[in-house]
Amino acid sequence: MDIEKTVKLLTFNGGVSGKEKEMFSVLKDLLSENGEITTDNLGNFFCTINKGAKGKKILLDAHIDKIGLIVKFIDENGFVKCDSCGGMDWRVLAGEEVVIMGKESVKGIVCSVPPHLSSGDESKALDSDSLYIDTGFDGEALKKKIALGDRVCVEKPFAKLLSGCITAPALDNRAGAAAIIAALKLLCERGHKGEVTCALTVQEEVGTRGAGPAVFKVKPDEAIVVDVSFGLSPGLKDEECGKLGKGPMIGVSPTLDENITNTLIKVCEEENIPFQREVMGGRTGTNADVVSVNSGGIKTGLVSVPLRYMHTAAEVVDTADIENTAKLIACYIEKGGCCDD
């Protein structure tokens, strides 16, 4: 599987929280040959291999929604006021190109005050009260093309960087989605006989809402959640970050199943897969927090892809980390999952 090509397919404009069904055609193209495709009322997307097989039933979860904006108001001059849809980083939006996903796609620019007219006061930074988008249309013409509630995506191209790195919007968490899709394909290629469900879940960025219903639908014996986490960059502390190119970050937390965590580490050591430990003192801030406490409680592990510049439109990952995450998950499942006490 070509990880770079898969990630590029997954990072197109669309799939802001609450509008994840825009992803379905791409997900079907990627997974329909591998297993049974289903969805649920919330919009979660599932691909299951070997349904009904004896043995452990394993769930792989990665959220597919991405952060964006939502249209709140259109004034008579055609300027569009927006609110955040997910944890958008307001600091980096001034002057960005955006696409409003209305009846038709409308391009615009986030308005910015020229530095010559700015006081330089940090309190004047963009927020939901001061952010407007300029599309060039007047209000009357624009209202024929877009409506209140339409989602807005920041428009940035997918691009290759040096040393195997790539940049694109929505790598949080399309990088994680690519990893579990690749893991499922590896299992199919190797003839795995157990039941495994790949769940591409919704609305994580607005409160980890999709993962709980997904667990109740699948009712797995154990689960691995794949997300992204903080990649080291200037201004950040080493102890709070993983390093790009050094392998998946295995979550270590009192809210995660210790046996799964230890087994993931053991698999990395046995298979010579580079890895990093990510230690958290409580909640992980991912779908793992929800998966583990639903449907009577599910043994849950967490694996994260290190990512720089989270919640911007120019996130950066190393494709080798995605590939090694997929390899780790596939090997873990082939070896029978966690080593129970």
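Our subject in this report is the structure included herewith. Bear in mind that the values here come from a model prediction, so they are computed numbers and not experimental data.

It is worth spelling out the nonpolar core at this point. Formed by 56 residues in total, the largest nonpolar core has its most connected members in Leu10, Leu31, Leu60, Leu200 and Ile322. Setting aside its immediate chain neighbours within four residues, Leu60 contacts Ile180, Ala183, Val196, Thr197, Cys198, Ala199, Ile224, Ile329 and Ile333. With 20 residues, the next largest nonpolar core counts Val71, Val80, Val152 and Ala313 among its residues.

In this structure, Asn173 follows Asp172 across a cis peptide bond, with omega equal to 10°. With respect to the secondary-structure elements, Asn173 resides in helix H4 (residues 171-189). Here Ser163, not a glycine, exhibits a phi torsion of approximately 60°, which is positive. Mapping Ser163 onto the fold places it in the loop between strand E10 (159-160) and strand E11 (165-168). Given a relative accessible area of 69%, Ser163 falls into the exposed group. Phi at Ala170 takes a positive value of approximately 70°, unusual for a residue other than glycine. Tracing the backbone through its elements, the reader meets Ala170 in the loop between E11 and H4.

With their axes 10 Å apart at the nearest point, helix H1 (residues 3-10) and helix H2 (residues 24-31) run at an angle of 155° to one another. Regarding the angle of H1 to H2, the classification is roughly antiparallel. Contacts between H1 and H2 involve Thr6, Leu9 and Leu10 on the former and, on the latter, Val26, Leu27 and Leu30. Taken together, the residues of the contact of H1 with H2 break down into 5 nonpolar, 1 polar and no charged.

Here 8 strands make up an open sheet; going across it, the order is E1-E2-E12-E3-E13-E16-E14-E15 and the pairing mixed. Of all the strands in the sheet, the pair left with one neighbour each is strand E1 (36-39) and strand E15 (276-279). Each neighbouring strand pair of the sheet contributes to a mean axis angle of 25°, computed without reference to strand direction. Pairing of strand E14 (residues 249-252) with strand E16 (residues 299-307) involves 2 bridges; the strand directions are antiparallel. Looking across to E16, one finds that Ile250 is bridged to Val303. Docked against the sheet, H2 engages E1, strand E2 (45-49) and strand E12 (195-201), running at close to 10° with respect to E2. Against the sheet, helix H6 (residues 258-271) makes contact with strand E13 (222-230), E14, E15 and E16, and its axis sits at roughly 155° relative to E14, the strand it touches most.

What counts and what doesn't
Residues numbered from 1 in each chain as written. Predicted model: local features only at pLDDT ≥ 70, side-chain atom pairs only at ≥ 80, totals over all residues. Heavy atoms only, no water. Core = buried A, V, L, I, M, F, W, Y, C linked by side-chain atoms within 4.5 Å. Buried < 20%, exposed > 50% of the residue type's maximum accessible area, 1.4 Å probe, protein only. Contact = heavy atoms within 4.5 Å. Helix = DSSP H or I, 4+ residues; strand = E, 2+ residues; numbered from the N terminus. Axes fitted to C-alpha atoms, helices over the stretch in contact; angles between N-to-C directions. Parallel < 35°, antiparallel > 145°, perpendicular 65-115°, else oblique. Nonpolar A, V, L, I, M, F, W, Y, C, P; charged D, E, K, R; others polar. Pairing = 2+ DSSP bridges.

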